[in-house]
Amino acid sequence: MESIAVKINGRGITTCPGRTILEVAEANGIRIPTLCHLKGLTDVGACRVCIVEVRGQFLTACTTGVADGMEILTDTEVVRAHRRTIVEMLFAEGNHVCSFCVSNGGCELQDLACEVGMQSVRIPYAYPRHRVDASHPRFLIDRDRCVLCGRCVRACGEIEGARTWDFAERGSGVRVITDLDVNWGQAETCTGCGKCVEVCPTGAIVRKGASNAEMGKNPEVVAQLAERRSHG
Amino acid sequence: MAKVRVATMWFSGCAGCHMSLLDIDEALIDLAARIDLRNSPLTDLKVFPEDGVDVTLIEGAVANEEHLRLVRTAREKSKIIIALGDCAVTGNVPALRNGLDADRMIESIYGSPTTSNGALPYDVVPQLLGRVSPLAELIPVDYFLHGCPPPAGLIAKTIFALLDGKTPELVGPDLKFG
Ligand code: SF4
Ligand code: SF4
Ligand code: FES
């Protein structure tokens with residue numbers, strides 16, 4: 001197989017083309033924070049949390065392929081500052097009130113804030129108004145807590161094959177919808193499999209009636225399913 | 001050595017952060033020996049000292065005109081401001097009303113037949129602001145203590161670092177909201 005040489009944080013690494021910066025970094029024990037990325041799903045570069053620096057350019061590690069001679073910096077002061085600002089923007093554009101979230105303590109966004117050292121959100125909070133949809137018999141979506149990562153859209157489409165979730169609107173009005181923007185309980189395509197619940201990184205899509213202690217999620221399930229299917 | 005002058009304030013919050021401050025248990029004895037506690041919901045001193053303080057801890061979000069006046073006074077007269085807890089840091093629960101009409105909320109909550117003449121008591125109760133704000137949207141804040149409430153250990157660690165003349169290091173799990 002063709003092999004190429006890249007440098008990550010000054011360390012020489014031999015790898016092969018066709019892999020993303022994130023894959024190569026992870027395979028070599030180099031941590032790059034992510035949010036919309038989930039093993040088993042197509043990467044879309046939605047959240048920008050995984051940015052790295054390549055010759056003064058900031059690229060998303062999950063969607064950028066490695067190339068021969070590439071010099072990648074994952075943890076410079078500038079990268080860290082941008083990453084922190086990106087996480088602040090995610091907080092500012094939603095209503096992430098951790099104190100009464102069923103996913104408090106089990107939320108990837110909350111963990112990211114700790115990881116990137118977010119002291120406060122320096123961008124004015126938007127405090128948007130969103131609709132909660134509790135019409136599904138077993139699940140609910142609280143869009144106040146949605147970071148628009150699209151994991152639900154991809155898990156439902158790519159793994160379950162139901163395509164219940166999609167994005168509607170543009171710009172700051174974007175939101176996830178079920179079917180053609182009907183209440184989830186009326187969405188005919190939903191099989192009730194619960195994959196969207198497992199992959200949602202925050203408390204946006206949750207199981208009804210679950211307490212904080214019961215709300216653990218298992219996003220790895222999609223990678224396991226994808227892996228088993230690849231063996232036909 | 002002159003004692004460090006400390007004030008605490010309570011805006012739109014549930015008092016849980018002040019409870020958490022009292023939860024530092026026996027460290028309170030050490031703390032009491034090293035600080036001069038000025039105005040605070042925990043003391044009878046209700047006026048911010050004219051000659052200022054070293055550190056002010058503020059619990060709660062800025063939700064009414066009185067808070068707005070006090071937060072500016074606190075900044076003017078304190079060397080260090082600490083946002084104590086999620087309401088002060090993010091707006092948290094009090095900010096849930098942002099985007100709703102403040103007057104209509106007052107009307108629906110307090111304008112019921114239980115108020116004798118239907119008038120709202122604005123001569124004694126400060127007017128609500130149209131929008132609830134975290135402290136840092138209005139004044140520069142020096143340290144942010146996350147948590148609802150911030151764990152007692154985090155409060156103690158921060159205050160004692162400052163008393164020892166060190167910069168409190170707030171990292172990793174210290175930064176967890178909720
Ligand atoms: S429960 Fe399954 S089918 Fe229904 S929306 Fe979620 S992922 Fe799609
Ligand atoms: S509902 Fe959850 S999984 Fe879907 S886009 Fe929002 S945060 Fe991501
Ligand atoms: S993890 Fe790469 S853009 Fe979201």
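Around ligand 1 there are 14 residues in total, and Cys156(A), Cys190(A), Cys193(A), Gly194(A) and Cys196(A) lie nearest to it. Its residues assigned to classes, the shell around ligand 1 shows 8 nonpolar, 4 polar and 2 charged.

Here we take up the packing of helix 4 (residues 151-160) of chain A against helix 6 (residues 221-230) of chain A. Residues and elements named next belong to chain A. Put simply, helix 4 and helix 6 touch, their axes get as near as 11 Å, and they point 20 degrees apart. On the basis of the axis angle, helix 4 is roughly parallel to helix 6. In this structure, helix 4 crosses over helix 6, and the sense of that crossing is left-handed. Here Ala155, Glu158 and Ile159 of helix 4 come into contact with helix 6, specifically with Val222, Leu225, Ala226 and Arg229. In terms of residue class, the contact of helix 4 with helix 6 is built from 5 nonpolar, no polar and 2 charged.

It is worth spelling out the site of ligand 2 at this point. Around ligand 2, 13 residues are found, and the nearest of them are Cys146(A), Cys149(A), Gly150(A), Cys152(A) and Cys200(A). Of the residues belonging to the shell around ligand 2, the class tally is 11 nonpolar, 1 polar and 1 charged.

Here the focus is the domain arrangement of chain A. Residues and elements named next belong to chain A. Domains assigned within chain A are domain 1 (4-75) and domain 2 (93-230). Computed from C-alpha coordinates alone, the two centres of domain 1 and domain 2 are separated by 25 Å. Each partner contributes residues to the interface: domain 1 has 15 residues there, and domain 2 has 18 residues. Of all residues in domain 1, the largest losses of buried area upon contact with domain 2 belong to Leu35, Leu38 and Leu41, amounting jointly to 47% of the total for that side. Inspection of the region where domain 1 meets domain 2 yields 1 salt bridge. There are 6 residue pairs in polar contact (both at pLDDT 80 or more) connecting domain 1 and domain 2. When the residues that make up the side of domain 1 that touches domain 2 are grouped by side-chain class, the tally is 8 nonpolar, 4 polar and 3 charged.

Okay, the packing of helix 2 (residues 77-92) of chain A against helix 3 (residues 108-116) of chain A next. All names here are of chain A. Across the interface, helix 2 lies against helix 3 with an axial gap of 10 Å and an inter-helix angle of 145 degrees. Here helix 2 runs over helix 3; the crossing is left-handed. Contacts between helix 2 and helix 3 involve Arg83, Arg84, Val87, Leu90 and Phe91 from the first element and Leu109, Gln110, Leu112, Ala113 and Val116 from the second. The residue inventory of the contact of helix 2 with helix 3, partitioned by class, reads 7 nonpolar, 1 polar and 2 charged.

This part takes up the sheet that holds strand 1 (residues 4-10) of chain B. All names here are of chain B. Pairing in this open sheet of 5 strands is parallel, and the strands run 2-1-3-5-7 from one edge to the other. Among the strands making up the open sheet, the edge pair consists of strand 2 (35-37) and strand 7 (143-145). Averaged over all pairs of adjacent strands, the angle between strand axes in this sheet comes to 25 degrees, irrespective of strand direction. Bridge analysis of strand 1 against strand 3 (residues 53-59) gives 5 bridges, and the strand direction is parallel.

Parameters and conventions
- Residues numbered from 1 in each chain as written.
- Chains lettered and ligands numbered in written order.
- Predicted model: local features only at pLDDT ≥ 70, side-chain atom pairs only at ≥ 80, totals over all residues.
- Heavy atoms only, no water.
- Near = heavy atom within 4 Å.
- Nonpolar A, V, L, I, M, F, W, Y, C, P; charged D, E, K, R; others polar.
- Axes fitted to C-alpha atoms, helices over the stretch in contact; angles between N-to-C directions.
- Helix = DSSP H or I, 4+ residues; strand = E, 2+ residues; numbered from the N terminus.
- Parallel < 35°, antiparallel > 145°, perpendicular 65-115°, else oblique.
- Left-handed = near helix turned anticlockwise from the far one by under 90°.
- Contact = heavy atoms within 4.5 Å.
- Domains from an automatic or database assignment.
- Buried area = accessible area lost by both parts, 1.4 Å probe.
- Salt bridge = Lys/Arg side-chain N within 4 Å of Asp/Glu carboxyl O.
- Polar contact = N/O pair within 3.5 Å; in protein donor to acceptor, adjacent residues only side chain to side chain.
- Pairing = 2+ DSSP bridges.

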